[in-house]
Amino acid sequence: MEGLSVYLLGWIIGDGGLYHPRYAGKRSEYRVVVTQKDEAVLTQCLAPLFETLCNLLNITAKVRVYRRSNRAELRISSKRLYEHFKTLAIRLPDFTKHARLLFIAGLYMAEGEKKGKRIRVWNKNKNLLELVGRWLREYRIEHKIYDDKRHGVYVLEVPRRHREQFLNLFKAYPCNLPPKSPRAAPR
């Protein structure tokens, strides 16, 4: 269960969030959200994984996918699931090696470029990318982090010579990591 949670946390931090909107009349909601351009990624891959996690945690909340004009959103309204992921996010720096790999796989699937010569992961949180970079160094995978000022994000980039080594770390993980060929079609 923890492995699945950590992998999904990578997706949430990469392309979603944990939200607690407050409404009039002291009403509020707890949301776990992941957004993607490709609705099929949400419906065929992530929704079943979130449903499995909810079953394991004995949470009865529905996993819903909403189509927007240019993106799709997976949303689960559940205080228990929200708190589960909040607690997990706090423990992020203390993850085991196996949990680190699962988190990086989820983050890469959410925020990574999977069609070029290099591996790139974008995020607004430079500290998060530095933490992931330290984890990658444990596997002797070189990287650099730079500021993409044009888009207002930071980029963790793994050079081409370490591409195969990076992808080999995640062979056994869900949601179909990209093919090894840099000329392969994007997800």
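Anything mentioned here points back to the structure above.
The model shown is predicted, which means the values in this text are computed figures rather than measured ones.

Scoring rules and cut-offs
Residues numbered from 1 in each chain as written. Predicted model: local features only at pLDDT ≥ 70, side-chain atom pairs only at ≥ 80, totals over all residues. Heavy atoms only, no water. Helix = DSSP H or I, 4+ residues; strand = E, 2+ residues; numbered from the N terminus. Expected span 1.5 Å × (residues − 1). Buried < 20%, exposed > 50% of the residue type's maximum accessible area, 1.4 Å probe, protein only. Arc of directions from axis to C-beta. Contact = heavy atoms within 4.5 Å. Pairing = 2+ DSSP bridges. Axes fitted to C-alpha atoms, helices over the stretch in contact; angles between N-to-C directions. Parallel < 35°, antiparallel > 145°, perpendicular 65-115°, else oblique. Left-handed = near helix turned anticlockwise from the far one by under 90°. Nonpolar A, V, L, I, M, F, W, Y, C, P; charged D, E, K, R; others polar. Core = buried A, V, L, I, M, F, W, Y, C linked by side-chain atoms within 4.5 Å. Salt bridge = Lys/Arg side-chain N within 4 Å of Asp/Glu carboxyl O. Phe/Tyr/Trp six-rings, centres within 6.5 Å; stacked < 30°, edge-to-face > 60°. Lys NZ or Arg CZ within 6 Å of the ring centre and 35° of its normal.

## Some words on helix α3 (residues 79-90)
Here is step 1: With 12 residues, α3 extends 17 Å from end C-alpha to end C-alpha; this agrees with the ideal 16 Å at 1.5 Å per step.
Here is step 2: Within the sequence span of α3, burial applies to L81, Y82, F85 and L88. The arc enclosing the buried residues of α3, seen along the axis, measures out at 130°, which places them on a common side.
Here is step 3: Those residues of α3 that are buried are in contact with α1 (2-15), β1 (16-19), β4 (31-36), α2 (39-56) and β6 (72-77).

## Quick word on the sheet that holds strand β9 (residues 144-148)
Here is step 1: Read from one edge to the other, the open sheet built from 4 strands follows the order β7-β8-β10-β9, with strand pairing classed as antiparallel. Strands with a single pairing partner mark the edges of an open sheet, and in this sheet they are β7 (112-113) and β9.
Here is step 2: Examined bridge by bridge, β9 and strand β10 (residues 153-158) share 5 bridges and lie antiparallel to one another. Residue pairing in the sheet places D148 in a bridge with V153 of β10.

## Quick notes on the packing of α1 against α2
Here is step 1: The geometry of α1 relative to α2 is characterised by a closest axis approach of 11 Å and an angle of 135° between their N-to-C directions. One element, α1, and the other, α2, form an angle in the oblique class. Crossing of α1 against α2: the hand is left-handed. Listed contacts from α2 to L4, S5, Y7, L8, W11 and I12 of α1 are V41, L46, L49, F50, T52, L53 and L56.
Here is step 2: Counted by class, the contact of α1 with α2 contains 11 nonpolar, 2 polar and no charged residues.

## Regarding the packing of α2 against α3
Here is step 1: Interaxial distance between α2 and α3 falls to 11 Å at its minimum, and their mutual angle equals 100°. Classified by the interaxial angle, the pair formed by α2 and α3 is roughly perpendicular. Contact residues: α2 offers F50, L53 and C54, while α3 offers L81, H84 and F85.
Here is step 2: When the residues that make up the contact of α2 with α3 are grouped by side-chain class, the tally is 5 nonpolar, 1 polar and no charged.

## Some thoughts on the nonpolar core
Here is step 1: Membership of the largest hydrophobic core comes to 57 residues, with the highest contact counts inside it found for L46, F50, F85, F103 and F166.
Here is step 2: The greatest single-element share of this core, amounting to 10 residues, is contributed by helix α4 (residues 97-111).

## Concerning the pattern of salt bridges
Here is step 1: In total, this model carries 8 salt bridges according to the counting rule given.
Here is step 2: The partner of E39 in a salt bridge is R67, with the nearest N and O atoms 3.8 Å apart. Placement of E39 in helix α2 and of R67 in strand β5 (residues 63-67) is noted, with a sequence separation of 28 residues between them.
Here is step 3: Residue E39 is classed as partly exposed on the basis of its relative accessible area of 30%.
Here is step 4: Of the residues examined, R67 reaches a relative accessible area of 42% and is grouped as partly exposed.
Here is step 5: Of the charged contacts in the structure, one is a salt bridge between R100 and E138, with a shortest N-O distance of 2.6 Å.

## Details of the packing of aromatic side chains
Here is step 1: Summed over the entire model, instances satisfying the criterion amount to 6 aromatic pairs.
Here is step 2: Their ring planes at 65° and their centres at 6.2 Å tell us that F50 and F85 sit as a pair that is edge-to-face. One end of the pair, F50, is in helix α2; the other, F85, is in helix α3, and 35 residues separate them in sequence.
Here is step 3: Under the relative-accessibility criterion, F50 is labelled buried at 0%.
Here is step 4: Geometrically, the ring pair formed by F103 and W135 is edge-to-face, given 6.0 Å between the ring centres and 85° between the ring planes. With F103 in helix α4 and W135 in helix α5 (residues 126-137), this residue pair connects regions lying 32 residues apart in the sequence.
Here is step 5: F103 gets classed as buried once you look at its relative accessible area, which sits at 0%.
Here is step 6: Take W135: its relative accessible area is 3%, and that puts it in the buried class.
Here is step 7: Put simply, the rings of F95, F103 and W135 touch in pairs and so form one group of aromatic residues.
Here is step 8: The ring of Y139 is capped by K97, whose NZ or CZ atom sits 5.2 Å from the centre of that ring.

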